[in-house]
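Here is what each chain is made of, one letter per residue.
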Amino acid sequence: MNVFGTTTVLGVFGHPVSHSLSPLLHNAAIRALKIDYIYVPFHVLPCDLPGAISGVRALQIAGVNLTIPHKERVIELLDEVGEHAARIQSVNTVINRDGWLCGESTDGPGFMRSAEAEWGSLRGARVLLLGAGGAAKAVAYALAESGCEVTVANRTPERAEALVNGLNTVLGRQAVRSVAMTSENLSAEIGNADLLVNTTSVGMSPELESIPIDPELLHKGLLVYDLVYSPPRTRLMAEAEARGAKAVNGIGMLVHQGAISFQMWTGLEPPIMVMQEAALAAIQ
Ligand code: ATR
């Protein structure tokens, strides 16, 4: 890539950051659109986050993504936080508008766009969501806002309850509920569900044989969205497809959350296919 005195800098702050596929996705988009930008990974320790955010202003970096463990802690360092990000208390995208730093979250919208691109509207869908971490919060909120009925189940039930209470408070209604992860509960919930979403890390390389739910519970007619993308076909996806269900991995969410950030920074239509191919090539 060519870098000039005029080149606009974008980047990602993380700890660790070496695993991030975002530089690949964004630089592929930058090359495809032939624009004078570059996207750089920055290894930022938690104690250095305030300094790194000052650096965004000082170095006139046009925008950054935040990944683990900075998505929550960055909020107090910004000038403004979008409504959606404020509600889930998570920022993955910072936009630098002449030194005024605005935080947004594109994780939930990225999930919705990729799921609806795959399957059409999910309004009214009954969803069983596994996990209660940061990804679960963004996805559960986006699903509830889109008119889905969301049930959350997690290995540690207290985390699921805390997530559900927090979301219902910001949504101002009982939009989301939690159930304990017993086989009876899961069997009842999944039997009624249109969509199963795995936001846990179960099934991620190298734990290829791990699966977050008894495969016998998977059934035809179920849509399965596994946020895991490495391996690209998890055991959960394979078991679901073997029973006639439709399944996708997390590459779509990764690509779409990046594409929404890219559009926020550049104002340009992101080349989704180019970004998707870059992600696939890296994973395979
Ligand atoms: P993220 O921010 O990416 O969502 P996280 O906050 O570490 O990551 O959350 C990981 C999720 O995977 C949690 O829901 C976690 O369950 P706990 O809350 O009980 O820890 C879930 N998870 C991780 N390993 C798991 C395992 N072996 N079995 C079941 N759930 C697991």
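Every chain begins its residue count from 1, and numbering advances along the sequence as written. Confidence filtering applies because this is a predicted model: local features only for residues at pLDDT of at least 70, side-chain atom pairs given and counted only at 80 or more, and all residues used for totals across whole chains, interfaces and linings. To get the side-chain values, take all heavy atoms of the structure and skip hydrogens and water.

Undergrad: For this particular structure, what's the right way to read the overall build of the chain?
TA: When you go through the chain residue by residue, the secondary structure sums to 10 helices and 12 strands. Its C-alpha atoms give the chain a radius of gyration of 19 Å, within 12% of the compact-globule value 19 Å for 284 residues. Projecting the C-alpha coordinates of the chain onto the three principal axes gives extents of approximately 60 × 40 × 30 Å. Burial classes: relative accessible area under 20% of the type maximum marks a residue as buried, over 50% as exposed, and values in between as partly exposed (1.4 Å probe, protein chains only). Counting over 284 residues, the chain shows a buried share of 53%. Throughout, a contact is declared for two residues whenever any of their heavy atoms are within 4.5 Å. Put simply, 67% of the contacts in the chain that link residues at least 6 apart link residues at least 24 apart. The sign given to each residue is positive for Lys and Arg and negative for Asp and Glu; His and the chain ends receive no count. Working definition for charges: the position is that of NZ of Lys, CZ of Arg, CG of Asp or CD of Glu. Counting 20 positive and 28 negative side-chain charges, the chain places the centres of these two groups 2 Å from one another. Helix and strand definitions follow DSSP, with helices as H or I runs of at least four residues and strands as E runs of at least two, each counted in order from the N terminus. When we talk radius of gyration, it's over C-alpha atoms, and the globule rule is simply 2.2 Å times the number of residues to the 0.38.

Undergrad: Would you take a moment to explain helix H1 (residues 22-33) for this structure?
TA: Because each turn of an α-helix spans 3.6 residues, side chains separated by three or four positions end up pointing in the same direction. Here the expected length of a helix is defined as 1.5 Å per residue gap, with one fewer gap than residues. When the terminal C-alpha atoms of H1 are compared, their 17 Å separation across 12 residues agrees well with the 16 Å that a helix rising 1.5 Å per residue should span. Residues of H1 that are buried sit in contact with strand E1 (8-14), strand E2 (37-43), strand E3 (63-66), helix H9 (251-266) and helix H10 (272-283). In the stretch just after H1, Lys34 is the one whose phi turns positive, near 55°.

Undergrad: Please explain the nonpolar core as it appears in this structure.
TA: Nonpolar side chains tend to gather and get buried jointly when the protein is soluble and globular. If you look at the biggest cluster of nonpolar residues, it comprises 35 residues, and the most contacted ones within it are Phe111, Leu143, Val197 and Tyr225. Among the elements of the structure, helix H4 (107-119), strand E7 (126-130), helix H5 (134-145), strand E8 (149-154), helix H6 (157-171), strand E10 (195-198) and strand E11 (223-226) are those that each provide at least two residues to this core. Top element by residues in this core is H5. It accounts for 8 residues. With residues up to four places along the chain from it excluded, the contact list for Val197 reads Phe111, Val127, Leu128, Leu129, Leu130, Val139, Leu143, Tyr225 and Leu227. By convention a nonpolar core is built from buried Ala, Val, Leu, Ile, Met, Phe, Trp, Tyr and Cys residues, the set being connected through side-chain atoms within 4.5 Å.

Undergrad: Would you explain the domain arrangement of the chain in this entry?
TA: The parts lose accessible area when they come together, and the size of an interface is often stated as this lost area. Domain annotation for the chain reports domain 1 (8-105 + 254-283) and domain 2 (108-249). If you average the C-alpha positions of domain 1 and of domain 2, the two centres end up 26 Å apart. In this assembly, 13 residues from domain 1 lie in contact with 12 residues from domain 2. Buried area adds together the accessible area that both of two parts lose upon being put together, with accessible area traced by a 1.4 Å probe. Summing the contributions of domain 1 and of domain 2, the shared interface buries around 1200 Å²; its carbon and sulfur component is 65%. Here, a salt bridge means any Lys or Arg side-chain nitrogen found within 4 Å of an Asp or Glu carboxyl oxygen. Along the contact surface separating domain 1 from domain 2 lie 0 salt bridges. What qualifies as a polar contact is a pair of N or O atoms within 3.5 Å, subject to a donor-acceptor requirement within protein and to the restriction that residues adjacent in sequence count only when both atoms come from side chains. On inspection of domain 1 and its partner domain 2, the count reaches 3 residue pairs in polar contact (both at pLDDT 80 or more). Domain ranges listed in this record stem from an automatic or a database domain assignment.

Undergrad: What exactly am I supposed to notice about the site of the ligand here?
TA: Around the ligand, the surrounding shell consists of Gly131, Ala132, Gly133, Gly134, Ala135, Asn154, Arg155, Thr156, Arg159, Thr200, Ser201 and Val202. Take Ala135: an N or O atom from its main chain is 3.2 Å from an oxygen atom of the ligand. Calculation on the ligand without its partners gives an accessible area of 640 Å², and the protein chains cover 64% of this total. Class assignment for the residues of the shell around the ligand results in 3 nonpolar, 7 polar and 2 charged. The nearness test applies per residue and asks whether one of its heavy atoms lies within 4 Å of the molecule or strand. For every accessible area listed, the method is Shrake-Rupley and the probe measures 1.4 Å; residues are considered covered only by the protein chains on display. By the convention adopted, Pro, Cys, Tyr, Trp, Phe, Met, Ile, Leu, Val and Ala count as nonpolar, Lys, Arg, Asp and Glu as charged, and the other residues, Gly among them, as polar.

Undergrad: Where do I start with the packing of aromatic side chains in this structure?
TA: Only centres within 6.5 Å qualify two rings of Phe, Tyr or Trp (six-membered ring in Trp) as a pair; their planes then separate them into stacked at under 30 degrees, edge-to-face at over 60, and tilted for everything else. Throughout the structure, instances matching the rule amount to 4 aromatic pairs. Residues Tyr39 and Trp265 carry aromatic rings whose centres are separated by 6.1 Å and whose planes lie at 50° to one another, so their mutual orientation is tilted. Of this pair, Tyr39 sits in strand E2 while Trp265 sits in helix H9, and the two are 226 residues apart along the sequence. Trp265 shares its class with Tyr39; the two are buried. By the ring-pair criterion, three or more aromatic residues cluster together here, those being Phe111, Trp119 and Tyr225.

Undergrad: Would you take a moment to explain the sheet that holds E7 for this structure?
TA: Within a sheet, neighbouring strands are paired by backbone hydrogen bonds and run either parallel or antiparallel to one another. Strands are labelled as partners when DSSP assigns at least two bridges between them. The 6 strands lie next to each other as E9-E8-E7-E10-E11-E12, forming an open sheet whose pairing is parallel. Looking at the sheet topology across the chains shown, the edges are occupied by strand E9 (176-180) and strand E12 (246-248). Between one strand axis and the next, the sheet turns by 20° as a mean value, whatever way the strands run. By the bridge criterion, 5 bridges tie E8 to E9 in an arrangement that is parallel. Its bridge partner lying in E9, Asn154 is registered against Ala180. For helices, the axis comes from a line fit to the C-alpha atoms of the stretch in contact; other axes are also lines fit to C-alpha atoms, and the angle between any two N-to-C directions lies between 0 and 180 degrees. Across the face of the sheet, H4 comes into contact with E10, E11 and E12 while running at roughly 145° to E11. Docked against the sheet, helix H7 (residues 183-192) engages E7, E8, E9 and E10, running at close to 140° with respect to E7.

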